[in-house]
Amino acid sequence: LLVVVGVGVGIVVFVGVVFLAFGSRFPNPARKEGEDKFLDGSDVPSLDKEPTVDLSVIIPAYNEIERAPIMLKDTHEFLSKQAYSFEMIVVDDGSRDGTAAMAQEFANTHKHIRVLKLAKNRGKGGAVRMGMLSARGHRMLMADADGATDIKDVAKVMAEMDNIERDGHGVVVGSRAHLEEESIATRSVFRTILMIGFHYIVRILCVRSIHDTQCGFKLFTRRTAHVLFLLQHIERWAFDVELLFIAEHFNFPIAEVAVNWHEIDGSKVDPMTASLQMARDLLRIRSLYAFGLWKMSIKEGNHEKQI
């Protein structure tokens, strides 16, 4: 009995420490000064409004002045040939290399592109969230600025969304799982161990329906995005896991689709630092939601509001 009590007390203390150190009960998607307008001076719309284009592509970018131009060009060129309407939103996440100016220069000569510059670095998850909350699309795609996933695969995820969408809800995740055997053969032993360990921990603690939670190519319906991104707490590398965790909680339709992906040189991710951050965030997701310290609702004034 003493052992059980001791374990229980230990768990409570652990969760309390994690909460006090890393969490607030409700997410805070509020915009900072200057984030209510795009760089061209136009007002940022609200996700609460009805969609006015078919597809929004959200591109988070942090110091991507070298890699993003090719991705922007290829993406705009491909989408311009499609029958559906679109917009591209580049979210500059506090870059220091002129990424925002480069993206705006591109937008000045290409239709349907807007640039949102964040007041400070939030992390990839924070940048994606602010882009989603600023989008006008009926469906909303997040895509990495390095162009690692072939933009032509948007046809695959859109087709799968047609298959699974239910009551306006759905998430389609681009997946590199089919490339895992090849990646193990080319990666170092250390990176392979980190990859396998991460997948195992994610499946045990958080998300069981998706094998590759981290591919930066995910499609959401507008209705689903409205729920997930208002509830999102994590703003750095494990934010994808939290989004899928919330989607599973609400039993939203989720599918995984193989995409063409290749590694692009110039990554700024430190594997060790990112792994430690992600391990910490996975524990936060599992424990804080389990103990009700993170809520599946938002705060309006002094009241809770269900999404």
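Parameters at a glance
- Residues numbered from 1 in each chain as written.
- Predicted model: local features only at pLDDT ≥ 70, side-chain atom pairs only at ≥ 80, totals over all residues.
- Heavy atoms only, no water.
- Pairing = 2+ DSSP bridges.
- Helix = DSSP H or I, 4+ residues; strand = E, 2+ residues; numbered from the N terminus.
- Axes fitted to C-alpha atoms, helices over the stretch in contact; angles between N-to-C directions.
- Contact = heavy atoms within 4.5 Å.
- 1 Å grid on protein atoms, 1.4 Å probe; cavity = no way out; pocket = protein on both sides within 12 Å on 5 of 7 lines; lining within 4 Å.
- Points joined across faces, edges and corners; volume = space filled by probe spheres on them.
- Nonpolar A, V, L, I, M, F, W, Y, C, P; charged D, E, K, R; others polar.
- Phe/Tyr/Trp six-rings, centres within 6.5 Å; stacked < 30°, edge-to-face > 60°.
- Buried < 20%, exposed > 50% of the residue type's maximum accessible area, 1.4 Å probe, protein only.
- Lys NZ or Arg CZ within 6 Å of the ring centre and 35° of its normal.
- Core = buried A, V, L, I, M, F, W, Y, C linked by side-chain atoms within 4.5 Å.

A.B. asks: Outline the sheet that holds strand S5 (residues 171-175), listing residues and values.
C.D. replies: Pairing within the open sheet is mixed, and its seven strands lie in the order S3-S2-S1-S4-S6-S5-S7. Looking along the sheet, the strands with just one partner apiece sit at the ends: strand S3 (113-117) and strand S7 (254-258). The mean angle between the axes of side-by-side strands here comes to 20 degrees, regardless of whether they run parallel or antiparallel. Seen against the sheet, helix H5 (residues 154-164) touches strand S1 (53-61), strand S4 (137-143), S5, strand S6 (217-221) and S7 and runs at an angle of roughly 35 degrees to S6.

A.B. asks: Any chance you could break down empty space enclosed by the protein for me, citing the residues and the numbers?
C.D. replies: Per the stated rule, a full pass over the model turns up one cavity of 30 Å³ or more. The calculated volume of the largest cavity comes to roughly 40 Å³. A class-by-class count of the residues in the lining of the largest cavity yields three nonpolar, three polar and one charged.

A.B. asks: Kindly report on the packing of aromatic side chains, identifying the contributing residues and their values.
C.D. replies: Evaluation of the coordinates by the stated rule reveals four aromatic pairs. Taken together, a centroid distance of 5.2 Å and an interplanar angle of 80 degrees make the contact between Phe-220 and Phe-229 edge-to-face. Residue Phe-220 is classed as buried on the basis of its relative accessible area, which comes to 1%. Phe-229 sits in the buried class, given a relative accessible area of 0%. Geometrically, the ring pair formed by Phe-250 and Phe-252 is stacked, given 5.5 Å between the ring centres and 15 degrees between the ring planes. Residue classification places Phe-250 among the partly exposed residues on the basis of a relative accessible area of 31%. Phe-252 gets classed as buried once you look at its relative accessible area, which sits at 11%. Taken together, the aromatic side chains of Phe-245, Tyr-289 and Trp-294 make up a single cluster linked through ring pairs. Positioned above the aromatic ring of Trp-261, the side-chain terminus of Arg-176 is 5.2 Å from the ring centre.

A.B. asks: A description of the nonpolar core should follow, citing residues and the corresponding values.
C.D. replies: In this structure, Met-132, Val-207, Phe-220, Leu-228, Phe-229, Val-241 and Ile-285 are the most contacted members of the largest nonpolar core, which totals 47 residues. Within the residue set of this core, elements represented by two or more residues are strand S2 (86-92), helix H4 (124-132), S4, S5, helix H7 (189-205), helix H8 (222-231), helix H9 (239-249) and helix H10 (271-290). It is H9 that provides the largest number of residues to this core, a total of seven residues. Residues within four places of Leu-228 in sequence aside, it is in contact with Val-171, Phe-220, Leu-243, Ile-246, Ala-247 and Phe-252. Among the nonpolar cores identified, the runner-up in size contains 34 residues, and Met-71, Val-154, Val-157 and Met-158 belong to it.

A.B. asks: Before we move on, can you summarise the environment of Val-172 with the specific residues and values?
C.D. replies: Position of Val-172 among the secondary structure elements: in strand S5. Overall, the relative accessible area of 0% leaves Val-172 in the buried class. On a C-alpha basis, the gap between Val-172 and Leu-219 in space is 5.1 Å, while along the polypeptide they are 47 residues apart. Ignoring sequence-local partners within four residues, the contact set of Val-172 consists of Val-157, Glu-160, Met-161, Ile-164, Phe-217, Lys-218, Leu-219, Ala-255 and Val-257.

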